[in-house]
Structure formats: structure tokens, C-alpha cells
Amino acid sequence: MQLLDGKLLSQKIQQQIADEIILRKNAGKKTPHLAAILVGDDGASQTYVNSKVKSCDKAGMESSLLKFESSISESELLNEVYKLNESKEVDGFIVQLPLPKHINAEKIVNAISPLKDIDGFHPVNVGNMVKNLPCFVSATPYGILLLLEEYKIQTEGKHCVVIGRSDIVGKPMSILMSRNAYPGNCTVTLAHSKTKNLSEICLQADILVAALGKPEFVKKEMVKSDAVVIDVGITRLNDASKKNGFRLVGDVDFENVAGKCSYITPVPGGVGPMTIAALMKNTMRAVEQSIK
Ligand code: GUN
């Protein structure tokens, strides 16, 4: 078994981006600028957004974190999105999800300019992704593709099983793995909460992507020998033996599955850091406006 080391690859990508930014600055070109909107005080969202902004700073990017109380109205938030769409400074931005219940997230995402939508959530970007046209690809699936590429994982003709059909991960991942591209050209099964015989289906997977948000759901008995296992989940479980009182676990029972597969992503240090690296790559595309 070999680890798919997302921490290491993300550091390599962030160094490449830092080098590119220096070259841009020396050539008198604009410094890329990412902005993030965070609404409310959800602990996990705060952690994610802070690490996104921190990674940008480290690579020499400009970044802005716009924080709003959870009482912000939908129209006020829409106005903030419009301002960022018009901003000459900001090249790309994200609105961290989930949003408070009184705000229609769909409406907010649809208001983001597709040219600045570095999360790849806007329907224009989703549509272009499906058609294999230039677009921003959602950061988590994009990060997974980068990881598969780095480790030269063969994907053509393989059976890829994705568990979870979220707009952010499962759905785009299933489309990307079936595209006529590398990584891609897989036969894809998209499994979800209503899927029957899930264990049997998972057992057929050459590449198994677990993105259902249930800690340690994927057991050894569900994994084929020498499969490639991608664990997208990250859940805090209370653990009194830890200094901070919790431990992070993925959707895969890592301890028992690891010995059975050919490659596996650890949690933490697998998909998580790759999401940030992919977001930064999208920001570089946004400043270069190559998406146009
Ligand atoms: N919430 C969970 N993952 C993400 C992500 O990749 N982007 C945004 N905007 N919100 C999220």
C-alpha cells in the first residue's frame, strides 16, 4: 500500500504557484487576489476558510476574508457578491457553504460571475465541465484529479465507484472520471443513500471515492484487493485522549482498509490540502483570465 500524499503534493503545487507569482510581479503583472465570504460562526467553516486564506498569503497572493454575521439578509449578501463581481482588485472568490437557512444558497451561487467562480459551483462552470469545455472545476474533485495524475494512477477502462452525490464532490467527480481524458475514461457508478447492495458495488471498484460524510463507513469487506481508495470525508470525533479533545477521521476505516488497497489517501493529509491547492490553481487561472 502506498499513501497518496496530498500534503506533500499540495506543498509542491503551492511552491510552483509562489514561483509563478514572483515571475508575474517581476513582469509588472497583477498579483492574484482571492476573496472568501464567510457567513456566521460555524467552527469547521471558519477553519477551512482560514486555511484557504493563509495558504494564499504564504504563496504571495493577495487575499481578503469578508466575514458577516449569520443575521445578514439574502439581499445584503447578494450585494456583497455583486461588489466582488465588479471589483478590479479581486480575481476570484468563494462563498463558503453552508449558508444560514434563511439564505437561498442557490441564488447566491448563481449570482457569482462565472469568470470569478473559482469554486466552480456556478451552473455555467458545471455545464462546461460536463461538456469538457474550459471551466473552473470544483476544487475538491480537481484536487483529487491532480493527486491521481501525480501518482500516475491508471484510470482508463477502470471501474470507478463514487459514494455520495453532492453538488460539491460526488456529482462532479462522477462526471470527471467518465470524461474522455486523463484522469478519466472510467466506467463510473455513482452510489448514494438509496443504492441497493452498496457493499457488492463497492467491491467491484478499481477506484473507490468515498464522499458521503459518514465517519469510517467504508470497511475492509467493501474494498477489492489492490483498489485505489480516495477518502473525501473529514469528521471530528470526540477523543478524550487527544489534547484538543477530538480526532479527525475520514469516510474510510483507514486502519483496516489500508492493508488491502494499492493506494489510499490519509485523513488528514490527503484530499483536504489538495482542495486548497486546487483552489489556488483556479485563482491563477482567474488572474490570467484563461477561462475566457
Ligand atoms: N463547503 C465545503 N466545501 C466547500 C468548498 O469547497 N467550497 C465552499 N465554498 N464551501 C464549501
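**Quick word on the overall build of the chain**
Now for step 1: Across its full length, the chain carries 10 helices and 11 strands.
Now for step 2: Since a compact globule built from 292 residues should have a radius of gyration of about 19 Å, the 19 Å found for the chain is in line with a globular shape.
Now for step 3: Along the first, second and third principal axes, the C-alpha set of the chain runs to 50 × 40 × 35 Å.
Now for step 4: Of all 292 residues assigned to the chain, the portion counted as buried reaches 50%.

**Concerning helix 3 (residues 74-86)**
Now for step 1: The terminal C-alpha atoms of helix 3, which comprises 13 residues, lie 19 Å apart, in line with the 18 Å expected from a rise of 1.5 Å per residue.
Now for step 2: Taken together, the buried positions of helix 3 are Glu74, Leu77, Leu78, Glu80, Val81, Leu84 and Asn85. Looking straight down helix 3, one finds that the buried residues subtend no more than 155 degrees of arc, so they occupy a single side. Opposite its buried face, helix 3 presents the exposed residues Lys83 and Glu86, each directed more than 90 degrees away.

**Points about the environment of threonine 283**
Now for step 1: Considering the arrangement of structural elements, one finds threonine 283 in helix 10 (residues 271-288).
Now for step 2: Given the relative accessible area of 0%, threonine 283 is considered buried.
Now for step 3: Placed 147 residues apart in sequence, threonine 283 and phenylalanine 136 show a C-alpha to C-alpha distance of 9.3 Å.
Now for step 4: In contact with threonine 283, other than residues within four places in its own chain, are Pro32, His33, Leu34, Met61 and Ile118.

**Some thoughts on the site of the ligand**
Now for step 1: Near the ligand the following residues occur: Lys52, Val95, Gln96, Leu97, Asp119 and Phe121.
Now for step 2: With respect to the ligand, the backbone of valine 95 contributes an N or O atom lying 2.8 Å from a nitrogen atom.
Now for step 3: For the ligand, a nitrogen atom lies 2.6 Å from a polar atom in the side chain of aspartate 119.
Now for step 4: Notes on the ligand: free accessible area 280 Å², of which the protein chains cover 83%.
Now for step 5: Looking at the shell around the ligand, its residues break down into three nonpolar, one polar and two charged.

**Focus on the sheet that holds strand 2 (residues 33-39)**
Now for step 1: An order of 3-2-4 is seen for the three strands of this open sheet, with the pairing classed as parallel. Looking at the sheet topology across the chains shown, the edges are occupied by strand 3 (62-68) and strand 4 (92-95). Each neighbouring strand pair of the sheet contributes to a mean axis angle of 15 degrees, computed without reference to strand direction.
Now for step 2: In this structure, strand 2 lies alongside strand 3, joined through seven bridges in parallel fashion. Each residue of the ladder has a partner; that of histidine 33, found in strand 3, is glutamate 62.

**Focus on the packing of aromatic side chains**
How two aromatic rings sit relative to each other is set out by the distance from centre to centre and by the angle between their planes.
Now for step 1: As enumerated under the stated definition, the model contains one aromatic pair in all.
Now for step 2: Judged by centre distance (6.3 Å) and plane angle (65 degrees), the rings of tyrosine 151 and tyrosine 263 are edge-to-face. Of this pair, tyrosine 151 sits in the loop between helix 6 (139-150) and strand 5 (159-163) while tyrosine 263 sits in strand 11 (residues 263-264), and the two are 112 residues apart along the sequence. The exposure classification of tyrosine 151 matches that of tyrosine 263, with both residues buried.
Now for step 3: Of note, arginine 236 hangs over the ring of phenylalanine 246, and the distance from its end group to the ring centre comes to 4.4 Å.

**Details of the pattern of salt bridges**
Now for step 1: Across all of its chains, the model carries eight salt bridges by this definition.
Now for step 2: For glutamate 150, the salt bridge is made with lysine 12, and the minimal N-O distance between the two is 2.8 Å. Placement of the pair is glutamate 150 in helix 6 and lysine 12 in helix 1 (residues 6-26), with a sequence separation of 138 residues.
Now for step 3: A residue is classified by how much of its surface remains accessible, and glutamate 150, at 34% relative accessible area, is partly exposed.
Now for step 4: Note that aspartate 167 is salt-bridged to lysine 171, the shortest N-O span being 2.6 Å.
Now for step 5: Residue classification places lysine 171 among the partly exposed positions, given a relative accessible area of 40%.
Now for step 6: Bridged by salt links that share partners, the residues Glu216, Asp239 and Arg247 form one connected network.

**Considering unusual backbone geometry**
Now for step 1: The amide bond that connects leucine 97 to the next residue, proline 98, takes the cis arrangement and shows omega of 5 degrees.
Now for step 2: As for its placement among the helices and strands, proline 98 is situated in the loop between strand 4 and helix 4 (105-111).
Now for step 3: For the peptide bond that leads from valine 267 to proline 268, omega is 0 degrees, which places it in the cis range.
Now for step 4: Secondary-structure assignment places proline 268 in the loop between strand 11 and helix 10.

**Considering the nonpolar core**
Now for step 1: The biggest cluster of nonpolar side chains holds 52 residues, and the ones touching the most others in it are Leu4, Ile17, Met177, Val209, Val228, Ile230 and Val232.
Now for step 2: Sorting elements by how many residues they give to this core places helix 10 first, with nine residues.
Now for step 3: Apart from residues lying up to four places away in sequence, isoleucine 230 is in contact with Leu4, Ile144, Leu148, Leu208, Val209, Ala210, Thr265 and Val271.
Now for step 4: Grouped together as the second largest cluster of nonpolar side chains are 19 residues, Val161, Ile201, Val218 and Ala227 included.

Reading the values: rules and limits
Residues numbered from 1 in each chain as written. Predicted model: local features only at pLDDT ≥ 70, side-chain atom pairs only at ≥ 80, totals over all residues. Heavy atoms only, no water. Helix = DSSP H or I, 4+ residues; strand = E, 2+ residues; numbered from the N terminus. Rg over C-alpha atoms; globule rule 2.2 N^0.38 Å. Buried < 20%, exposed > 50% of the residue type's maximum accessible area, 1.4 Å probe, protein only. Expected span 1.5 Å × (residues − 1). Arc of directions from axis to C-beta. Contact = heavy atoms within 4.5 Å. Near = heavy atom within 4 Å. Polar contact = N/O pair within 3.5 Å; in protein donor to acceptor, adjacent residues only side chain to side chain. Areas by Shrake-Rupley, 256 points an atom, 1.4 Å probe, with all protein chains shown as cover. Nonpolar A, V, L, I, M, F, W, Y, C, P; charged D, E, K, R; others polar. Pairing = 2+ DSSP bridges. Axes fitted to C-alpha atoms, helices over the stretch in contact; angles between N-to-C directions. Phe/Tyr/Trp six-rings, centres within 6.5 Å; stacked < 30°, edge-to-face > 60°. Lys NZ or Arg CZ within 6 Å of the ring centre and 35° of its normal. Salt bridge = Lys/Arg side-chain N within 4 Å of Asp/Glu carboxyl O. Core = buried A, V, L, I, M, F, W, Y, C linked by side-chain atoms within 4.5 Å.

Coordinates in, geometry out; function isn't part of it.
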